Amino acid sequence: MTSAEPAATPPAPPVSLTALLARRDLGLRLLAGPEDVSIHWVHTSEMADPYPYLLGGELLMTAGVQLADPAHYVERVVEAGAAALAFGVTPVYDTVPAELVEACARHGLPLVEVPPRTPFTAVARALWRLMAEARLYELRRVTEAQQSLAAAAARPAPVPAVLGALASRLGGRAVLFAADGTPSVAAGREVPAEATRALRDLAGVLGPRPGGPASAGGDGGGLRLAAYALGGGDGLTLGVATERRGPGDHTIAGVAVVLLSLLTAPHRGADATARDGALVRLLLGAAPAEIAGTLGPGPWTVVHARGGDGTPFAAAGLAAALGTALMDTGGTGTGGRGGAAPGTPRQEGTPPGAAGPGGTAGSAAGPGPTTPGPSGPGDTAGSTAGPGGTAGSAALGAVRLLLPAPASVTAQSGWTLGVSAPVDADGLAAADAQAARALRRAEATGADLVRHRPGGLAALVNPDEATAHARALLAPLSEPLAETLRVWLSLHGGWDRTAAAMDIHRNTVRQRITRCAALLDRDLDDPDVRMELWFALTSR
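The structure presented is a predicted model; accordingly, all values stated were derived computationally and were not measured.

> Give a detailed account of the pattern of salt bridges, specifying residues and quantitative values.
Applying the stated criterion to the full structure yields 18 salt bridges. A salt bridge links Asp432 to Arg400; the shortest N-O distance between them is 2.6 Å. Residue Asp432 is located in helix α11 (residues 428-445), and its partner Arg400 is located in strand β15 (residues 399-404); the two are separated by 32 residues in the primary sequence. We classify Asp432 as buried; its relative accessible area is 7%. Taking relative accessible area as the criterion, Arg400 reaches 22% and is therefore assigned partly exposed. Linked through salt bridges whose partners overlap, the residues forming this network are Asp49, Arg76 and Glu79.

Given below as structure tokens:
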């Protein structure tokens, strides 16, 4: 079984040796072996052992300049996977050596005699011309199939029509499987029960798994089988069974997959309607806990992410990989790594994520109520929210995603992720803050993914009393100083890592920490002092 993505255009098809032998102008003559073999390319070599230079599937041409042991030579050619051997007579040999003919016949390797009047370049040119003609035929076949499938998609019953057109074009059977493996719609000629079972099993290999294979191929019941996962995340799969597999079949099936994905997705309109309704209710004053049930079952997980490939589709691709449609790009569109929107200068002395004069939130948005939720040394980037905001919105430039249960978050290539603990709808604001802190921790440590860790002993203290103590203790510090102190403590006093996490110079970190020690009149080398300050910074 193999897996692959549908190709945009069919590959260059191989050419039958029979077609090459039919070219009378070449004067080729088959001396041994079958003629119904496929040739993918041509190669000329006068090496005593051409094995290291062969890819397999080629027509190997030689004049036998270093042919010392024909039997061994043929063994090596067969071992390399060559499709056929062409031997040119003169100037080295007047005729093809009998030992070579016998060895080729014994191994079933086609042996072709090239007459003196036919240069090897003429054989190669003829082969490339045949391959070009075959490719043109496949391109026309694919184009006609695309037109046929598009016309079928416009009919009153489009899904059965597309399956019927696909089955007709490929000369086999096409089946649309539901997520549980049940055939929903089928078209084309009947196939043996063994092939039907094998096709269903092959479709089950794909399944509704984010990031899983898009297609798979195999054999069963004497037929060639292929399965393709449809878009939409609902586990629908297209299965195809044919007697043979042409070079353009994968491309034709890919067109059908796109059309069927669109045709079987009307239910996603209902999902969008539900999300729109939830947004309207939220804007009209409904509590998040009241409307969360319309979006999916709890508990919920919040993910903050930065990275991507810089394209407008990066964030959408991440959401699809994590299996959710609930995404906020934070105005960036891609979730790029910048701490602020492009073209937005950061004021001197303001750490990434801190509020600017406009009150936009980084990790702090000016005076406002603290965002509830436990935190601990395992997470960094705590945050306070401005009026009407949440701490999670502090991750300026980050993509925020909301995953319903039972979503499983794994590291994604090119992205840095911070993941909250699962929470009920009432705890979404706290989970947003957890994800923001986890993302900062991931960026500071260079990890691809960091999950929130519970607060431990800190959770045993009365939150109101802890907040009052924290505000009184940290009152002498400005927000940039408090944020620098918090990040510095979370990274165990690491100057370089703190500078990297906050995107400031290490000397600036030292100056701010020295200033904090002076304003607080505390010895920051004392572990008890560090513990008390950390508790205050994560409780304010």
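> Describe the packing of helix α2 (residues 70-80) against helix α3 (residues 98-107), with residues and values.
Interaxial distance between α2 and α3 falls to 8 Å at its minimum, and their mutual angle equals 35 degrees. The two elements α2 and α3 cross, and the hand of that crossing is right-handed. Contacts between α2 and α3 pair Pro70, Ala71, Val74, Glu75 and Val78 from the former with Glu99, Leu100, Ala103, Cys104, Arg106 and His107 from the latter.

> Report on helix α12 (residues 463-473), specifying residues and quantitative values.
Where α12 is concerned, the buried positions are Ala466, Thr467, Ala470 and Leu473. Summarising the axial view, the buried residues of α12 lie within an arc of 135 degrees, below the 170-degree limit, and thus occupy one face. Exposed residues on α12 whose side chains face more than 90 degrees from its buried face are Asp464, Glu465 and Ala472. Next to the buried residues of α12 lie α15 (506-520) and α16 (527-537).

> Pulling in residues and values, what's your account of the sheet that holds strand β17 (residues 449-451)?
Taking strand neighbours across the sheet as the criterion, the five strands line up as β14-β15-β13-β16-β17 in an open arrangement whose pairing is mixed. Sheet topology places β14 (327-328) and β17 at the edges, where each strand pairs with a single neighbour. Across six bridges, the pairing between strand β13 (residues 300-307) and β15 is antiparallel. When the bridges of β15 are listed, His304 appears paired with Arg400. Here helix α10 (residues 314-322) sits on the sheet and contacts β13, β14, β15 and β16 (415-419); the angle it forms with β15, its principal contact strand, is near 20 degrees. Set on the sheet, α11 makes contact with β13, β15, β16 and β17; between it and β13 the angle comes to about 35 degrees.

Rules and cut-offs
- Residues numbered from 1 in each chain as written.
- Predicted model: local features only at pLDDT ≥ 70, side-chain atom pairs only at ≥ 80, totals over all residues.
- Heavy atoms only, no water.
- Salt bridge = Lys/Arg side-chain N within 4 Å of Asp/Glu carboxyl O.
- Helix = DSSP H or I, 4+ residues; strand = E, 2+ residues; numbered from the N terminus.
- Buried < 20%, exposed > 50% of the residue type's maximum accessible area, 1.4 Å probe, protein only.
- Axes fitted to C-alpha atoms, helices over the stretch in contact; angles between N-to-C directions.
- Left-handed = near helix turned anticlockwise from the far one by under 90°.
- Contact = heavy atoms within 4.5 Å.
- Arc of directions from axis to C-beta.
- Pairing = 2+ DSSP bridges.

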